[in-house]
Amino acid sequence: MSFGFEQIAFLLTAVLTVAAALAMVFSRQVFHAILLMIAVFAGVATLYVLLGVSFMAGMQLFIYVGGVSVLAVIAIMVTRGFMGSDRPRPARTTYGAAIVAGSVFLGLAWLILRVPWPTAPLVAASENDLALLGQVLVSRSGFVVPFELSSLLLFVVLLGALYIARER
Amino acid sequence: MPTYLRYALTSLILLATPFVSVLILIWVARKVIARMQDRLGPNNSGTWAGPYALFQTLADAIKILTKELIIPDGADRWVFLAAPIVVLGAALLVWLVIPFGPTLQGMDPDIGIFYVVVITPFALFAMIMAGWSSRNKYAALGTFRAVAQIISYEIPQFLSLLIPIMLTGSLSLQNLVLAQQLPFVLVLPIPALIYFLAMTAEVGRLPFEQAEADAEIVAGYFTEYSGMMFGSFYLAEFINNFSVSLVFATLFLGGWRGPWVMEIPALGPVWLFLKGFMVFLVLMLFWGAMPRLRIDQILNINWKFLTPLALVMLIVVAWVNRLAFDQGATTLVARAPWLLGANLVVGLATVGLLRLSSRRAQHRRDAQSLELLHE
């Protein structure tokens, strides 16, 4: 294995991402945990960039940083008191969570090691895969029905949220 | 030239350009606003600040560097210190993808404009970090407002962004410029207006200046910052103002396109900066002339006006564009009358609806005052 720029970049990103993930798990403050979670998301997005799928990286940041993390911050803002809440998060469930996370990690590692991964790419990478993705999503022979169904699902979720949040 | 050297040089230029242009733009902004308020603004009476006080900003920058950095008691030290770095980093990252000329661009990723949209939440998180770590009421209030405002204005911004993307068929900023045989603002005036308003809200300029409303909440989310930490928020604000102006110029005003640019490629950045500067001037004129809207008014304008209008525009432009294409208008110039007509119809319908609703509201007010009279 040649040890070029990409390997160094990958190793650096991976180490930083794992470190941020560990720090997130062990941090006692929810707000710190959210900030570290964003660092983890950014690290994963960097890994996508290194793999050459910048659209996935953009989506990762768009959905998880722009959506999920902002939602988490808003949840803190409206529930815990934004200022000066130094209440550490409860540690009751730590051991149970550690056992669950550890067993999931071991199971995934076992699976990854067992699967005979193909060494050559199964599908040749196309020139403009972004345009191809768009065409596949909305073409009749592609995935237009699941695509539209998922948009319908999101719409129903939106209406449900409005119904629940409505003041009566 | 070896690749690494080229990368290093490009990064250095991309880092230096925003800072240098911002030093000039701060002077411009202060002069413009001073003139609008019937003042002189920075001038070289008394101290030496160069002709027309051109070096005033530099002097301010040096002064601010010598000031003490104060970290408030009880502030969350690391988050407090990280926030100015994140805000400046997020402001600078946008410059990576702005196309300054046909071949002059830091990087042209295939997600292009989407990258610009994705960077926005990082600036928001810098605000949240600053507001949370300061342990200050005003900072917290500023953060609440910033979060509510920026999250909601992302939606019309993204929706109106989709329309030029749809006409281009690509997310790459370079392709977006190349597709503008006519500047998109001439073809799509309403989406350009929506985008402009949303972007003004995104950078928190008047009339959408709620995050740092200095008459109400000191300086909003960066109330507690001093010295160069305050300086980096201030710099980031101006860099953001200018880079959103450049992005607007790229998206709707034809970017680096202009006369003789094909013969002399060096003219590309000149045209882009000129156009961006014009947009920046409009932002500054807003700053000098507009009152500050209340936060509920800001959110109402967004959810009840800009977002539905952007959605309608998206649907209408998609239909009309396709229809014109089927009628044989394959170039943008040939489709321009169709698209302009669609814009006109939607615009007139919007004005009509607004007048109708305002008349209804007036009727309701009249009825209420009449009832009060009878009691």
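Residues numbered from 1 in each chain as written. Chains lettered and ligands numbered in written order. Predicted model: local features only at pLDDT ≥ 70, side-chain atom pairs only at ≥ 80, totals over all residues. Heavy atoms only, no water.

Things to note about the overall build of chain B
Broken down by element type, chain B carries 12 helices and 0 strands. Its C-alpha atoms give chain B a radius of gyration of 23 Å, within 12% of the compact-globule value 21 Å for 375 residues. With the C-alpha coordinates aligned to their principal axes, the bounding extent of chain B is approximately 80 × 65 × 40 Å. Classification of the 375 residues of chain B by burial places 50% in the buried group. Sequence-distant contacts, at least 24 apart, represent 77% of the contacts inside chain B between residues at least 6 apart. For chain B, the exposed surface amounts to about 18,100 Å²; the carbon and sulfur share of it is 69%. When the 24 basic and 21 acidic side-chain charges of chain B are each reduced to a single mean position, those positions are 5 Å apart. (Helix = DSSP H or I, 4+ residues; strand = E, 2+ residues; numbered from the N terminus. Rg over C-alpha atoms; globule rule 2.2 N^0.38 Å. Buried < 20%, exposed > 50% of the residue type's maximum accessible area, 1.4 Å probe, protein only. Contact = heavy atoms within 4.5 Å. Areas by Shrake-Rupley, 256 points an atom, 1.4 Å probe, with all protein chains shown as cover. Lys, Arg positive; Asp, Glu negative; His and termini not counted. Charge placed at Lys NZ, Arg CZ, Asp CG, Glu CD.)

Let's talk about the overall build of chain A
Within chain A one finds 6 helices and 0 strands. For chain A, the α and β elements follow one another from N to C terminus as α-α-α-α-α-α. Of all 168 residues assigned to chain A, the portion counted as buried reaches 18%. Across chain A, the fraction of contacts at a sequence separation of at least 24, relative to all contacts at a separation of at least 6, is 50%. For chain A, the computed accessible surface area is about 12,500 Å², with 74% contributed by carbon and sulfur atoms.

Considerations on the domain arrangement of chain A
We note that the domain assignment places domain 1 (1-84) and domain 2 (128-168) within chain A. Taking the mean C-alpha position of each, domain 1 of chain A and domain 2 of chain A sit 26 Å from one another. (Domains from an automatic or database assignment.)

Considerations on the environment of Ala 34 of chain B
All names here are of chain B. Assignment of secondary structure puts Ala 34 in helix α1 (residues 3-36). With a relative accessible area of 0%, Ala 34 lands in the buried category. The spatial distance from the C-alpha of Ala 34 to the C-alpha of Gly 288 is 8.3 Å, given a sequence separation of 254 residues. If we ignore the near neighbours within four places in the chain, the residues touching Ala 34 are Arg 39, Leu 40 and Gly 41.

Thoughts on the interface of chain B and chain A
Each partner contributes residues to the interface: chain B has 26 residues there, and chain A has 25 residues. Both faces combined, the contact of chain B with chain A buries some 2,300 Å², and carbon together with sulfur accounts for 82% of it. In terms of surface lost to chain A, no three residues of chain B exceed Phe 125, Trp 132 and Arg 135 of chain B, which account for 27% of the buried area on that side. For the pair chain B and chain A, the interface holds 0 salt bridges. Taken together, the elements giving at least two residues each to the side of chain B that touches chain A come down to α4 (112-133) and α5 (137-168) of chain B. By residue number, the principal contributor to the side of chain B that touches chain A is α4 of chain B, which donates 11 residues. (Buried area = accessible area lost by both parts, 1.4 Å probe. Salt bridge = Lys/Arg side-chain N within 4 Å of Asp/Glu carboxyl O.)

Structural notes on the layout of surface pockets
A probe matching the size of a water molecule, rolled over the atoms, marks out where space remains unfilled. Space inside the second largest pocket adds up to approximately 1,300 Å³. As for the second largest pocket, its lining consists of 35 residues, and the residues nearest its centre are Val 49 of chain A together with Leu 93, Leu 96, Met 107 and Tyr 115 of chain B. Mapped onto the lining of the second largest pocket, the elements with two or more residues apiece are α1 (5-26), α2 (30-51) and α3 (54-79) of chain A together with α1, α3 (77-93) and α4 of chain B. The element that contributes the greatest number of residues to the lining of the second largest pocket is α1 of chain B, accounting for 8 residues. Grouping the constituent residues of the lining of the second largest pocket by class yields 25 nonpolar, 8 polar and 2 charged. (1 Å grid on protein atoms, 1.4 Å probe; cavity = no way out; pocket = protein on both sides within 12 Å on 5 of 7 lines; lining within 4 Å. Points joined across faces, edges and corners; volume = space filled by probe spheres on them. Nonpolar A, V, L, I, M, F, W, Y, C, P; charged D, E, K, R; others polar.)

What to know about empty space enclosed by the protein
All names here are of chain B. Tallied over the full model, the rule gives 2 cavities of 30 Å³ or more. Forming the boundary of the largest cavity are 32 residues, of which Thr 120, Ala 123, Glu 202, Val 203 and Asn 240 lie nearest the centre. Contributing elements (two or more residues each) for the lining of the largest cavity: α3, α4, α5, α8 (189-202) and α9 (227-252). Here the lining of the largest cavity is built from residues that sort into 22 nonpolar, 7 polar and 3 charged.

Things to note about α8 of chain B
Here α8 of chain B spans 20 Å end to end across 14 residues, near enough to the 20 Å set by a 1.5 Å rise per residue. When you tally the buried positions in α8 of chain B, you get 11 out of 14 residues, the bulk of the element. (Expected span 1.5 Å × (residues − 1).)

What about the packing of aromatic side chains?
Residue and element names in this part refer to chain B. Using the criterion set out here, one finds 22 aromatic pairs over all chains in the structure. An aromatic cluster of at least three residues, connected via ring pairs, comprises Trp 95, Phe 100, Phe 230, Tyr 234, Phe 238, Phe 242, Phe 273, Phe 280 and Trp 287. The lysine or arginine in question, Arg 135, covers the ring of Trp 132, its NZ or CZ lying 5.0 Å from the ring centre. (Phe/Tyr/Trp six-rings, centres within 6.5 Å; stacked < 30°, edge-to-face > 60°. Lys NZ or Arg CZ within 6 Å of the ring centre and 35° of its normal.)

Side note on the domain arrangement of chain B
One widely used convention gives an interface's size as the accessible area the parts lose upon coming together. Residues and elements named next belong to chain B. The domain architecture assigned to chain B consists of domain 1 (1-66) and domain 2 (73-306). Computed over C-alpha atoms, the centres of domain 1 and domain 2 are 19 Å apart. Domain 1 puts 17 residues into the contact, and the matching count from domain 2 is 24 residues. Of the roughly 1,800 Å² buried between domain 1 and domain 2 on both sides combined, carbon and sulfur atoms contribute 92%.

Some details on the environment of Ile 111 of chain B
As for its placement among the helices and strands, Ile 111 of chain B is situated in the loop between α3 and α4. For Ile 111 of chain B, a relative accessible area of 5% puts it in the buried group. For the pair Ile 111 of chain B and Leu 186 of chain B, spaced 75 residues apart in sequence, the C-alpha separation works out to 25 Å. The residues contacting Ile 111 of chain B, other than those within four sequence positions of it, are Ser 54, Phe 55, Gly 58 and Leu 130 of chain A together with Leu 171 of chain B.

Remarks on the packing of α1 of chain B against helix α2 (residues 56-65) of chain B
Residues and elements named next belong to chain B. At a closest axis distance of 8 Å, the pairing of α1 and α2 adopts a crossing angle of 110 degrees. Put simply, α1 runs roughly perpendicular to α2. For the crossing formed where α1 meets α2, the hand is right-handed. Residue-level inspection shows Leu 23, Ile 26, Trp 27 and Arg 30 of α1 in contact with α2, the latter providing Gln 56, Thr 57, Leu 58 and Asp 60. A per-class count over the contact of α1 with α2 returns 4 nonpolar, 2 polar and 2 charged. (Axes fitted to C-alpha atoms, helices over the stretch in contact; angles between N-to-C directions. Parallel < 35°, antiparallel > 145°, perpendicular 65-115°, else oblique. Left-handed = near helix turned anticlockwise from the far one by under 90°.)

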